[in-house]
Amino acid sequence: MHEWALAESVVETVKRHLEGRDSPKLRSVTLLFGELQSIDQEIFEEGIKNLLMGEAFGSEVFHVERERAVFRCNRCESQWGLEDRPDLQEDEREAIHFVPEAAHVYMRCPSCSSPDFRVEKGRGVLVKSIVFDENLVNEKDLVNEKLVGEKDTSE
Ligand SMILES: [Zn+2]
């Protein structure tokens, strides 16, 4: 269940940022879930709640934002998102959400028609920001690699 592994990584990351500070008060943690990352948010939140039992902060400080998918052409460097492609059928759209590689079956670069493009955004999960007291720490790409790697082998 990769939602629980993800919840664990998120909690570990937050704890690492609280270490070595004088009685830090955690205000909010903003997470960025990629549009192409299939995560059951309910299971994820359940995982967070479980992991925070006995901790100094609760799950109400966590906020989830969605990151839109961005595709970029390897030939002409044009970029586009799924919202720019009204030509896609509903089932094609769903296939791309489920398996981002399927994008190559259903899409070509809208500028030069090349099938050679990459998924630039929307695949990972990031801890976007952690806010405590007056300090703002931005941390990126921490959970990202791990989650995608795990997803590839376990599903
Ligand atoms: Zn192109």
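What you see is a predicted model; the values in this text were computed from it and never measured. (Residues numbered from 1 in each chain as written. Predicted model: local features only at pLDDT ≥ 70, side-chain atom pairs only at ≥ 80, totals over all residues.)

Overview of helix α1 (residues 2-18)
Worth spelling out the cut-off: Helix numbering and strand numbering both begin at the N terminus, where a helix is a DSSP run of H or I of at least 4 residues and a strand a DSSP run of E of at least 2. One fewer than the residue count of a helix, multiplied by 1.5 Å, yields its expected span. To sort residues by burial, count the other C-beta atoms lying within 10 Å of each one's C-beta; a count of 20 or more means buried, 12 or fewer means exposed, and anything in between means partly exposed. C-beta atoms are built from the backbone.
A rise of 1.5 Å per residue sets the reference length of α1, with its 17 residues, at 24 Å; its end C-alpha atoms lie 25 Å apart and thus fit the reference within 8%. Taken together, the buried positions of α1 are His2, Leu6, Ala7, Val10, Val11 and Val14.

Observations concerning the packing of α1 against helix α2 (residues 41-51)
In a packed pair of helices, the relevant descriptors are the angle between the two axes and the axis-to-axis distance. Put simply, the rule is: The axes are straight lines fitted to the C-alpha atoms, using for helices just the contacting stretch, and the angles between their N-to-C directions are given from 0 to 180°. Between 65 and 115 degrees an angle is taken as roughly perpendicular, under 35 as roughly parallel, over 145 as roughly antiparallel, and anywhere else as oblique. The handedness criterion is simple: a crossing whose near helix is rotated anticlockwise from the far helix by less than a right angle is left-handed, and one whose near helix is rotated clockwise is right-handed. Remark: residues whose backbone-derived C-beta atoms lie within 7 Å of one another are considered to be in contact.
Running from N to C, α1 and α2 cross one another at 45 degrees; their axes reach a closest spacing of 8 Å. With respect to their mutual orientation, α1 and α2 come out oblique. The handedness of the crossing between α1 and α2 is right-handed. Residues Glu3, Trp4, Leu6, Ala7, Glu8, Val10 and Val11 of α1 touch α2, and the partners they reach there are Ile43, Phe44, Gly47, Ile48 and Leu51.

Considerations on the environment of Leu36
Note on placement: Leu36 falls in the loop between β1 (26-34) and α2. Among the residues examined, Leu36 registers 22 C-beta atoms within 10 Å and is labelled buried. Among all residues touching Leu36, those that are not within four sequence positions of it are Ala69, His97, Pro100, Val119, Gly122 and Arg123.

Some thoughts on the sheet that holds strand β3 (residues 70-73)
Using the following cut-off: For two strands to be treated as a pair, DSSP must find no fewer than two bridges joining them.
One open sheet accounts for three strands, arranged β4-β3-β5; its pairing is antiparallel. Of all the strands in the sheet, just β4 (79-80) and β5 (117-121) have a single pairing partner and so form its edges. Bridge analysis of β3 against β5 gives four bridges, and the strand direction is antiparallel. Bridge pairing links Val70 to Lys121 in β5.

Points about the nonpolar core
Basically, it comes down to this: To define a nonpolar core, we join buried Ala, Val, Leu, Ile, Met, Phe, Trp, Tyr and Cys residues through C-beta atoms within 7 Å and take the resulting set.
Ala7, Val10, Val29, Leu31, Ile48 and Val127 are the most contacted members of the largest nonpolar core, which totals 15 residues. Among the elements of the structure, α1, β1, α2 and β6 (125-132) are those that each provide at least two residues to this core. At five residues, the largest contribution of residues to this core is made by α1. Listed in part, the nine residues of the second largest apolar core include Ala69, Phe71, Ala103 and Phe117.

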